[in-house]
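Residue-level structure breakdown
Each chain, letter by letter, is given below.
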2 protein chains.
Amino acid sequence: MSANKPSIPKGTRDFSPVEMVRRNYIFDTIRQVFRLYSYNPVETPAMENLSTLMGKYGEEGDKLLFKILNSGEYLKGIEPALLEGPDGALLTDINYPRLTNKISEKGLRYDLTVPFARFVVQHRNELQMPFKRYQIQPVWRADRPQKGRYREFYQCDADVVGSDSLVNEIELLQMVDEVFRRLKINVILKLNNRKVLAGIAELIGHPDKIIDITTAIDKLDKIGIENVNAELIERGLSQEAVDKLQPILAISGTVEERLAQLSSLLAPSETGTLGVKELQTVIDGVRALGLAATLDLDVSLARGLNYYTGTIIEVKAADVQIGSISGGGRYDNLTGVFGMPGLSGVGVSFGADRIYDVLLALNLFPAEAKASATTILFANFGTAECARALALAKELRAAGICAEVYPDAVKMKKQMSYADAGEIPFVAIIGESELAEGKVTVKDMTTGQQTSVDADANSIIAIINSSK
Amino acid sequence: MSANKPSIPKGTRDFSPVEMVRRNYIFDTIRQVFRLYSYNPVETPAMENLSTLMGKYGEEGDKLLFKILNSGEYLKGIEPALLEGPDGALLTDINYPRLTNKISEKGLRYDLTVPFARFVVQHRNELQMPFKRYQIQPVWRADRPQKGRYREFYQCDADVVGSDSLVNEIELLQMVDEVFRRLKINVILKLNNRKVLAGIAELIGHPDKIIDITTAIDKLDKIGIENVNAELIERGLSQEAVDKLQPILAISGTVEERLAQLSSLLAPSETGTLGVKELQTVIDGVRALGLAATLDLDVSLARGLNYYTGTIIEVKAADVQIGSISGGGRYDNLTGVFGMPGLSGVGVSFGADRIYDVLLALNLFPAEAKASATTILFANFGTAECARALALAKELRAAGICAEVYPDAVKMKKQMSYADAGEIPFVAIIGESELAEGKVTVKDMTTGQQTSVDADANSIIAIINSSK
């Protein structure tokens with residue numbers, strides 16, 4: 001063994017069979033529900049042109065893109081000045097964005113939303129609107145890795161573009177509810193509307209300070225009303241504005257009661273009133289259909305405020321302290337940046353890594369989520385015995401049973417410990433005497449019970465089924 | 001619409017819903033068979049350290065790796081000499097490998113085999129041997145894009161490490177056979193053994209020329225025996241060696257007959273004899289179990305000769321002219337390069353893109369492989385009607401039926417053309433009168449027949465089922 005044991009880049013992960021089975025349980029559940037709601041699959045390339053990605057995630061986002069070095073002699077034809085700083089010194093104070101632009105033209109996708117917008121514009125003539133798609137693929141971010149934050153992780157997005165109807169919001173919320181019902185995770189579905197936030201800012205006379213206001217009131221639960229008010233003053237709001245905000249922060253009661261209070265308070269604002277109406281329609285819609293989740297109204301909910309223009313959705317696990325496990329909302333001009341304005345979209349995204357942590361914390365992964373898929377392992381006692389085992393395994397597989405033949409005629413102890421490690425429920429033994437008598441001994445690894453049956457698939461299947 | 005319509009990097013692809021459904025049909029078939037044979041899923045990161053990838057695919061391969069530019073000020077601390085050629089001129093005749101090594105430490109995986117070897121060594125203490133894994137993930141190569149060759153494509157690999165037994169080969173061949181039987185593609189399974197090739201080279205007195213010999217005799221079908229012989233002379237073989245090779249090239253008859261002839265001819269070579277014995281064991285093994293595919297012995301088959309050490313497998317479609325659609329073999333020292341010698345592996349890989357082309361050419365995709373998964377679309381006639389539709393759609397989904405509600409109350413013509421474009425088989429109509437009467441009109445889009453039934457899920461399901 002050489003000194004330098006191989007490793008993988010920090011912030012990335014290998015997934016072992018048991019992790020894969022658990023992750024696939026999450027992906028499959030989400031995919032099945034997406035499909036039942038008629039969202040259809042789409043995939044886009046891992047690499048996008050940097051012109052597609054740059055400028056879409058803010059200046060910080062540009063830095064967090066993984067950029068692909070151009071192939072071949074990537075510095076050929078580069079002006080030497082690009083390698084110099086302002087004072088002409090080589091390799092000092094270089095303008096990196098300018099240089100990078102010359103030696104890299106592709107980057108790894110940072111999310112699934114921008115590639116989807118690019119997809120819609122590029123294929124506009126082939127798509128039937130409204131277009132409902134889901135996409136489950138990894139994304140890459142050169143973030144500082146930390147617990148629960150990775151440089152490669154999967155996103156699971158469902159979006160519909162080309163329809164303004166709130167029916168989409170209602171169905172997306174049902175879909176979110178159904179995913180978590182199937183995963184047996186109790187969740188709180190938090191709702192807000194960007195127009196409500198705009199209405200609040202307008203009402204208190206600071207339409208320009210919508211981000212400051214939202215950021216501050218988002219901390220209400222954590223730091224209390226007095227600290228929120230102090231922060232608002234610090235962020236440049238007048239005392240009068242802060243006073244006007246107090247009744248909004250004080251709304252209380254059920255979701256419906258709070259919505260009614262909000263409706264009166266925001267009556268002077270046209271935008272705010274529209275936001276309340278949209279919330280009312282969505283809430284009435286999902287209530288009528290019935291929800292497993294707890295519905296909540298959260299006027300401080302923003303989630304990428306510059307992005308959403310209507311409904312804002314966030315999902316929290318009720319029984320585990322962890323960040324949001326799903327979220328989404330409506331964005332009215334997704335494709336405008338690619339030259340196709342006026343196309344409204346709304347969607348939700350599931351965070352597979354956090355959902356994984358929640359399922360693990362609550363011990364909610366199904367028992368079948370184990371490392372080996374094998375139902376029955378045929379032990380290997382030599383060439384002739386193994387030939388019989390191979391033939392039986394083939395028959396069992398034809399009946400849909402996951403069967404495995406241990407490839408080497410090594411000591412039984414080793415073969416048994418292989419079965420144990422894989423949590424394989426049955427071991428079939430065909431030794432010399434079994435071979436001669438046309439029998440097979442089936443050992444139930446849970447009970448330890450051994451049964452001798454005729455060496456045919458049906459007899460073996462009968463034993464497997466009887467143990468269920 | 002701006003002038004610069006967005007695009008994707010050359011050699012990459014977007015996959016539309018119908019392409020995704022077809023691709024998933026291939027992946028799901030392969031995955032199901034992998035699973036039945038107890039291969040368990042593993043995933044590795046898209047990015048590997050360049051130290052893991054470099055030098056594993058030859059000098060040409062190193063150039064074809066997509067390399068990730070380091071984050072931040074990637075030129076900081078670089079010696080200016082790295083930007084100069086041998087004569088000291090800036091940016092001229094740069095030693096690119098040396099410079100690239102300084103500004104890039106990660107690359108995109110080029111195949112699934114090297115990451116798997118790295119995985120096995122890195123996780124050696126957690127793995128139970130023999131370790132059987134499958135992996136279905138994209139790989140990236142900066143190849144010149146051309147028809148059927150992409151810069152991003154999926155590989156579907158199954159490998160077992162830690163067992164020398166030929167039982168693995170027999171089971172892998174069964175697995176390959178089963179995949180193509182399920183896909184309804186007639187295939188020819190070509191077999192060879194690296195030891196046979198070594199034996200031939202040894203027999204004719206040129207053990208060092210194994211690659212030249214194989215390359216030349218691989219062309220037998222295309223250019224004929226005389227041209228092959230001429231090429232062998234050109235490649236430095238003696239006339240005596242070429243004469244000695246003739247009986248081997250002349251073997252004929254059934255697979256079993258050719259194997260017997262090969263056995264006599266290679267009797268003087270210990271390695272060659274071992275290769276023939278291995279082939280015999282594998283062929284007898286799969287014959288005993290039964291194959292849907294046609295088995296063939298091809299002594300010119302090499303497939304990455306420097307890589308395989310035993311069995312070599314290649315699969316060709318019988319009814320379509322296309323390169324190999326699957327292949328594999330045994331490699332005795334996969335993990336040696338990562339400091340873990342003596343671990344034998346054997347595996348197969350499926351080429352999803354070529355399989356896709358074969359299925360398309362032979363019209364073998366199942367009818368369900370269409371753009372929309374929707375079974376029934378509820379047309380939208382307004383708020384109250386839509387509320388009824390949403391409730392019924394929810395019930396249908398609970399019964400596992402993929403149901404969709406058109407989100408906007410637009411003209412029927414538009415809604416119907418949406419159903420047509422998605423090949424949606426049923427449209428449910430709840431207009432004012434249906435709503436009042438508690439009815440729903442279900443239109444069978446294939447026959448055009450309309451049926452009025454009670455507005456409950458069971459009545460709708462009965463119509464859907466009766467049309468099957």
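Look up a bit, the structure's there.
We now turn to the structure provided with this report. (Residues numbered from 1 in each chain as written. Chains lettered and ligands numbered in written order. Predicted model: local features only at pLDDT ≥ 70, side-chain atom pairs only at ≥ 80, totals over all residues. Heavy atoms only, no water.)

**Some thoughts on the overall build of chain A**
Cut-off, in case you're wondering: Each helix corresponds to a stretch of at least 4 residues labelled H or I by DSSP, and each strand to a stretch of at least 2 residues labelled E; elements are numbered beginning at the N terminus. In this treatment the radius of gyration is a C-alpha quantity, and the globule benchmark scales as 2.2 Å times the residue count to the 0.38 power. In this scheme, a residue with accessible area under 20% of its type's maximum is buried, one over 50% is exposed, and one in between is partly exposed, where area comes from a 1.4 Å probe on protein chains only. Note on definitions: a residue-residue contact is assigned when non-hydrogen atoms from the two residues lie within 4.5 Å. Residue-level accessible areas treat just the shown protein chains as cover; the underlying method is Shrake-Rupley with a 1.4 Å probe.
Helix and strand counts for chain A come out as 17 helices and 16 strands. Relative to the compact-globule value of 23 Å for 468 residues, chain A shows a C-alpha radius of gyration of 29 Å, a clear excess of over 25%. Dimensions of chain A, computed from C-alpha atoms along their principal axes, come out at roughly 95 × 65 × 50 Å. Here chain A holds 468 residues, and the buried ones make up 57% of them. For chain A, contacts bridging at least 24 residues in sequence account for 66% of all contacts bridging at least 6. Counting only carbon and sulfur atoms, one obtains 48% of the accessible surface of chain A, whose full area is about 19,500 Å².

**Observations concerning the sheet that holds strand β16 (residues 450-454) of chain B**
Residue and element names in this part refer to chain B. Which entries qualify depends on this criterion: Strands qualify as paired when DSSP identifies two bridges or more between them. With axes taken as lines fitted to C-alpha atoms, and helix axes fitted only over the stretch in contact, angles between N-to-C directions fall between 0 and 180 degrees.
Taken together, five strands build an open sheet; the order of strands is β13-β12-β14-β15-β16 and the sheet is mixed. Two strands in the sheet have a free side with no partner beyond their single neighbour: β13 (403-405) and β16. Along the sheet, successive strands turn relative to each other by an average axial angle of 25 degrees, direction set aside. Judged from the three bridges that link them, strand β12 (residues 376-378) and strand β14 (residues 426-429) form a sheet pairing that is parallel. Note that in β14 the partner of L377 across the bridge is V427. Packed onto the sheet, helix α14 (residues 383-398) meets β12 and β13 and runs at close to 165 degrees relative to β13. Helix-sheet contacts for helix α17 (residues 457-466) involve β12, β14, β15 (439-444) and β16, and the interaxial angle to β16 is about 150 degrees.

**Re the interface of chain B and chain A**
Operational definition: Buried area: the sum, over both parts, of the accessible surface (1.4 Å probe) that disappears when the two are put together. Salt bridge, as applied in this entry: a Lys or Arg side-chain nitrogen positioned within 4 Å of an Asp or Glu carboxyl oxygen. N or O atoms within 3.5 Å of each other form a polar contact, as long as, within protein, one can give a hydrogen and the other can take it, and as long as residues adjacent in sequence are counted only when both atoms are side-chain atoms.
Between chain B and chain A, the contact holds 103 residues from the first and 103 residues from the second. Carbon and sulfur atoms supply 61% of the area that chain B and chain A bury against each other, a total of about 8,900 Å² over both sides. At the boundary of chain B with chain A, the tally comes to six salt bridges. Between E171(A) and R397(B) there is a salt bridge, with its nearest N and O atoms 3.0 Å apart. The interface formed by chain B and chain A contains 40 residue pairs in polar contact (both at pLDDT 80 or more).

**Considering the sheet that holds strand β5 (residues 131-140) of chain B**
Residue and element names in this part refer to chain B. One open sheet holds the eight strands; their spatial order is β1-β5-β6-β11-β10-β9-β7-β8, and the pairing between them is mixed. Only two strands of the sheet have a single partner each, and these edge strands are β1 (40-41) and β8 (294-297). With respect to the sheet, helix α7 (residues 194-203) is in contact with β7 (187-193) and β9 (311-317), its orientation differing from that of β7 by roughly 50 degrees.

**Section: the relation of the copies chain B and chain A**
For clarity, the cut-off: Superposing copies: least-squares fit, C-alpha atoms only, residues required to have pLDDT of at least 70 in both.
Expressed as a screw operation, the relation of chain B to chain A combines 0.0 Å of axial shift with a rotation of 180 degrees, fitting to an RMSD of 0.1 Å. A rotation of that kind, with that shift, is consistent with a two-fold axis. Residues of chain B ranked by C-alpha distance from the rotation axis are headed by I68(B), positioned 2.3 Å from it. Both copies share a contact surface, since 100% of the interface residues of chain B are interface residues in chain A too.

**A few points about the packing of helix α7 (residues 194-203) of chain A against helix α8 (residues 210-217) of chain A**
Residue and element names in this part refer to chain A. Using the following cut-off: Throughout, the term roughly parallel applies to angles under 35 degrees, roughly antiparallel to angles over 145, roughly perpendicular to angles from 65 to 115, and oblique to all others. Any residue that is not Ala, Val, Leu, Ile, Met, Phe, Trp, Tyr, Cys, Pro, Asp, Glu, Lys or Arg is counted as polar, Gly included; the first ten are nonpolar and the last four charged.
Where α7 meets α8, the axes come as close as 9 Å, and the angle between the chain directions of the two elements is 105 degrees. By the angle class used here, α7 and α8 are roughly perpendicular. Contacts from R194, L197, A198 and A201 in α7 reach I210, I213 and T214 in α8. The class makeup of the residues in the contact of α7 with α8 is five nonpolar, one polar and one charged.

**Regarding the environment of G336(A)**
Along the chain, G336(A) turns up in the loop between β10 (326-331) and β11 (345-351). For the pair formed by G336(A) and Y356(A), sequence separation is 20 residues and the distance between their alpha carbons is 35 Å.

**Observations concerning the packing of aromatic side chains**
For clarity, the threshold we go by: Each Phe, Tyr or Trp ring (for Trp, its six-membered ring) is paired with any other whose centre lies within 6.5 Å, and the angle between the two planes then decides the class: stacked below 30 degrees, edge-to-face above 60, tilted in between. Any Lys NZ or Arg CZ that is within 6 Å of a ring centre and within 35 degrees of that ring's normal is treated as a charge sitting over the ring.
Under the defined criterion, the tally for this structure stands at 22 aromatic pairs over all chains. Ring geometry for F119(B) and F131(B): centres 6.2 Å apart, planes at 15 degrees, overall stacked. Of the two residues, F119(B) is situated in helix α5 (residues 113-122) and F131(B) in strand β5; the sequence distance between them amounts to 12 residues. Taken individually, F119(B) and F131(B) each receive the classification buried, so the pair is uniform in this respect. Put simply, the rings of F34(A), Y134(A), F180(A) and F350(A) pair up and form one aromatic cluster. One Lys or Arg, R13(A), reaches over the ring of Y150(A) and ends 3.4 Å from the middle of that ring.

**Observations concerning unusual backbone geometry**
The general pattern is negative phi for most residues beyond glycine and trans for most peptide bonds. Residue P130(A) is reached from M129(A) by a cis peptide bond, and omega for that bond is -10 degrees. Relative to the helices and strands, P130(A) resides in the loop between α5 (113-122) and β5 (131-140). You will see that N363(B), though not glycine, has its phi angle at about 55 degrees, which is positive. Here N363(B) is to be found in the loop between α13 (352-361) and β12. You can call N363(B) exposed: its relative accessible area is 68%.

**Observations regarding the packing of helix α8 (residues 210-217) of chain B against helix α9 (residues 220-234) of chain B**
All names here are of chain B. Packing of α8 against α9 brings their axes to within 8 Å, and their N-to-C directions diverge by 140 degrees. Classified by the angle their axes make, α8 and α9 are oblique. Here D212, I213, A216 and I217 of α8 come into contact with α9, specifically with L220, V228, E231 and L232. Class assignment of the residues belonging to the contact of α8 with α9 gives a composition of six nonpolar, no polar and two charged.

**Digging into the state of the cysteines**
As a reminder, the rule being used: Disulfide assignment relies on a single distance test, namely cysteine sulfur atoms paired within 2.5 Å.
The full count for this structure, using the stated rule, is zero disulfides over all chains. There is no disulfide at C156(A), and the cysteine sulfur nearest it, in C402(B), is 18 Å away. We classify C156(A) as buried; its relative accessible area is 0%. C386(A) takes part in no disulfide bond, and the closest cysteine sulfur, belonging to C402(A), lies 17 Å away.

**Thoughts on helix α11 (residues 255-265) of chain B**
Where we set the bar: By definition, the arc is the one covered by directions from the helix axis to the C-beta atoms.
All of the buried residues along α11(B) are V255(B), R258(B), L259(B) and L262(B). Looking down the long axis of α11(B), one finds its buried residues gathered within 100 degrees of arc, a one-sided arrangement.

**Quick word on the pattern of salt bridges**
Summed over the entire model, instances satisfying the criterion amount to 42 salt bridges over all chains. Between D14(B) and R118(A) there is a salt bridge whose closest N-O contact spans 2.5 Å. With D14(B) in the segment before α1 (17-36) and R118(A) in helix α5, this residue pair bridges two chains. Residue class for D14(B) comes out buried when judged on its relative accessible area of 10%.

**What about α7(A)?**
Residue and element names in this part refer to chain A. Burial in α7 covers these residues: K195, V196, L197, G199, I200 and A201. Next to the buried residues of α7 lie β7 (187-193), α8, α10 (239-249), α11 (255-265), α12 (270-289) and β9 (311-317). Following α7 by one or two positions, G205 has its phi on the positive side, about 85 degrees.

**Section: the pairing of strand β6 (residues 152-161) of chain B**
Residue and element names in this part refer to chain B. Most of β6 is tucked away, with 10 of its 10 residues classed as buried. The side-chain alternation of β6 yields two buried faces, one formed by E152, Y154, C156, A158 and V160 and the other by F153, Q155, D157, D159 and V161. Alignment of β6 against strand β11 (residues 345-351), held across seven bridges, turns out to be antiparallel. Looking at the pairing, D157 lines up with S349 of β11.

**Focus on the side chain of E169(B)**
Residue and element names in this part refer to chain B. Topologically, E169 is positioned in helix α6 (residues 167-183). Here R330 takes part through its side chain, which lies 2.8 Å from a polar atom of the side chain of E169. The residues contacting E169, other than those within four sequence positions of it, are V282, T311, R330 and V346.

**Observations regarding the pairing of β11(A)**
Residue and element names in this part refer to chain A. For β11, a buried count of five out of seven residues is recorded, marking the element as mostly surrounded by other parts of the structure. Pairing between β10 and β11: six bridges, direction antiparallel. Looking at β11, one finds that G328 is bridged to V348.

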